[in-house]
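Overview (structure and organization)
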Amino acid sequence: MNIVGDIARGLTSSLGCLAAAIGVSLIGMKAVEKVGRNPSASAIILVQANSGTASAQAVASYSLFLYQG
């Protein structure tokens, strides 16, 4: 039993998920600001926000699956 290794893997996974959550919230915040400034560009902003959100959530997937092995 390697307790230090288990704790390190848990912390790494937690920090990766925390970073993804912060990234997704910042993307949402900025998208709402941009739509508020220019409502006619909402479709373009939504596409870019969705692709950014997917990239940020990929970080969470990587941290959960790669560090638990």
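Structure report, in brief. (Residues numbered from 1 in each chain as written. Predicted model: local features only at pLDDT ≥ 70, side-chain atom pairs only at ≥ 80, totals over all residues. Heavy atoms only, no water.)

So, about the overall build of the chain. Per the secondary structure count, the chain includes 2 helices and 0 strands. Taken over C-alpha atoms, the radius of gyration comes to 16 Å for the chain, far larger than the 11 Å a tight globule of 69 residues would show. With the C-alpha coordinates of the chain rotated into their principal frame, the extents come out at 60 × 15 × 5 Å. Split into buried and exposed, the 69 residues of the chain put 17% on the buried side. For the chain, the exposed surface amounts to about 5,000 Å²; the carbon and sulfur share of it is 70%. (Helix = DSSP H or I, 4+ residues; strand = E, 2+ residues; numbered from the N terminus. Rg over C-alpha atoms; globule rule 2.2 N^0.38 Å. Buried < 20%, exposed > 50% of the residue type's maximum accessible area, 1.4 Å probe, protein only. Areas by Shrake-Rupley, 256 points an atom, 1.4 Å probe, with all protein chains shown as cover.)

Let's shift gears to helix 2 (residues 42-66). Helix length check: helix 2, at 25 residues, gives a terminal C-alpha distance of 36 Å against a target of 36 Å (1.5 Å per residue), a fit within 8%. The secondary structure elements touched by the buried residues of helix 2 are helix 1 (3-37). (Expected span 1.5 Å × (residues − 1). Contact = heavy atoms within 4.5 Å.)

Bringing the environment of A19 into the picture now. One can find A19 in helix 1. A19 sits 37 residues away from A56 along the chain, and the two C-alpha atoms are 8.1 Å apart.

Angle between the axes and distance between the axes are the two parameters that describe a pair of packed helices. Interaxial distance between helix 1 and helix 2 falls to 7 Å at its minimum, and their mutual angle equals 175°. Taken together, the axis directions place helix 1 and helix 2 in an arrangement best described as roughly antiparallel. Across from T12, S13, G16, C17, A20, G23, V24, I27, A31, K34 and V35 in helix 1, the residues of helix 2 making contact are S42, I45, A49, G52, T53, A56, Q57, V59, A60, S63 and L64. (Axes fitted to C-alpha atoms, helices over the stretch in contact; angles between N-to-C directions. Parallel < 35°, antiparallel > 145°, perpendicular 65-115°, else oblique.)

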